[in-house]
Amino acid sequence: MPASLPFRLARAVVFAAVCAVLGMGAHLAGGGTVALPGALAAFGVSLLAALPVTGRERSLGGILVLLTLLQALLHVMFSLAHEAAPVTAAVAVAHAHSGLVPGLGMLIMHGWAIGLTSVWLARGEAALWGLFRRVLVRLSLPPAVPVVTSPAPVRHAEPALVRSAVLEHSVSLRGPPLFLPV
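Keep in mind that this is a model prediction, so the values were computed, not measured.

With that settled, the discussion passes to helix α1 (residues 5-29). Here α1 is 25 residues long and its end C-alpha atoms lie 35 Å apart, about the 36 Å a rise of 1.5 Å per residue gives. Backbone geometry just downstream of α1 places Gly31 in the positive-phi region, at approximately 100°.

Next up, the structure:
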C-alpha cells in the first residue's frame, strides 16, 4: 500500500532524528566535537537519504544498510568538520581517532549502535505497518462485486460442539479415579 506524503515525511523525520542523534552521540563519546551547523547538516543529509525509501515497509536488512551508510557518511562529515575547526592539544589527544580512520573502539561502538538501532527501527516498522493493516481491515467496506460461489453440500450430521477458544484444546479428566486391581 503506498504511503501518503505527510506519513512519509513523518517517518523520514523520525529516522533522520535517530540517525543524526546516534551519529552525534557516538562522535561526542569518541571525544569529538559537533557544532550546530554540523548537527543540522547531519539531520538534513539523513532526511534526504530517508525520504525516498519511506513509501513502504522496510525490512531489517534494508534499515541496517541505510543506517550503516548514513553513519559512515556522518562520521566523515563530523571528522572533516572537527579537523577544520581550530583544535587544542587536549581535544586532539582526547579524540578517539586520527583523520578519517576511526579507532577500533569507535568502530565497535558504531557497530553496536547501528545493529541495536536497526533492530529497534525494524520492530517499530513492523508494529506500525501491522497497526495500519489491522485498521485498514477494520475500516474496509464489503466488496462492491458480490462473490459467486457454488452452493455448499447439505449435511445432516450432528451439529459441531460449541467450545470457547480457551477450552478448545483442553482435555477433561473429571470423573471418578480409575479402578486399578491390586
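Right, let's talk about the side chain of Glu125 for a bit. Among the secondary structure elements, Glu125 is positioned in helix α5 (residues 104-139). Within the structure, the side chain of Glu125 is placed 2.9 Å from the backbone nitrogen of Arg58, a separation counted as a polar contact. In this view, Glu125 contacts Arg11, Arg56, Glu57, Arg58 and Ile63; residues no more than four positions away in its chain are not counted.

Our next topic: the packing of aromatic side chains. The full count for this structure, using the stated rule, is three aromatic pairs. Centre to centre, the rings of Phe7 and Trp129 are 5.6 Å apart; their planes meet at 80°, and the pair counts as edge-to-face. Residue Phe7 is found in helix α1, and its partner Trp129 is found in helix α5; the two are separated by 122 residues along the sequence. Note on accessibility: Phe7 and Trp129 belong to one class, buried. Plain terms: the ring middles of Phe7 and Phe132 are 5.0 Å apart, the flat faces sit at 75° to each other, and that makes the pair edge-to-face. One end of the pair, Phe7, is in helix α1; the other, Phe132, is in helix α5, and 125 residues separate them in sequence. In this structure an aromatic cluster arises from ring pairing among Phe7, Trp129 and Phe132.

What counts and what doesn't
Residues numbered from 1 in each chain as written. Predicted model: local features only at pLDDT ≥ 70, side-chain atom pairs only at ≥ 80, totals over all residues. Heavy atoms only, no water. Helix = DSSP H or I, 4+ residues; strand = E, 2+ residues; numbered from the N terminus. Expected span 1.5 Å × (residues − 1). Polar contact = N/O pair within 3.5 Å; in protein donor to acceptor, adjacent residues only side chain to side chain. Contact = heavy atoms within 4.5 Å. Phe/Tyr/Trp six-rings, centres within 6.5 Å; stacked < 30°, edge-to-face > 60°. Buried < 20%, exposed > 50% of the residue type's maximum accessible area, 1.4 Å probe, protein only.

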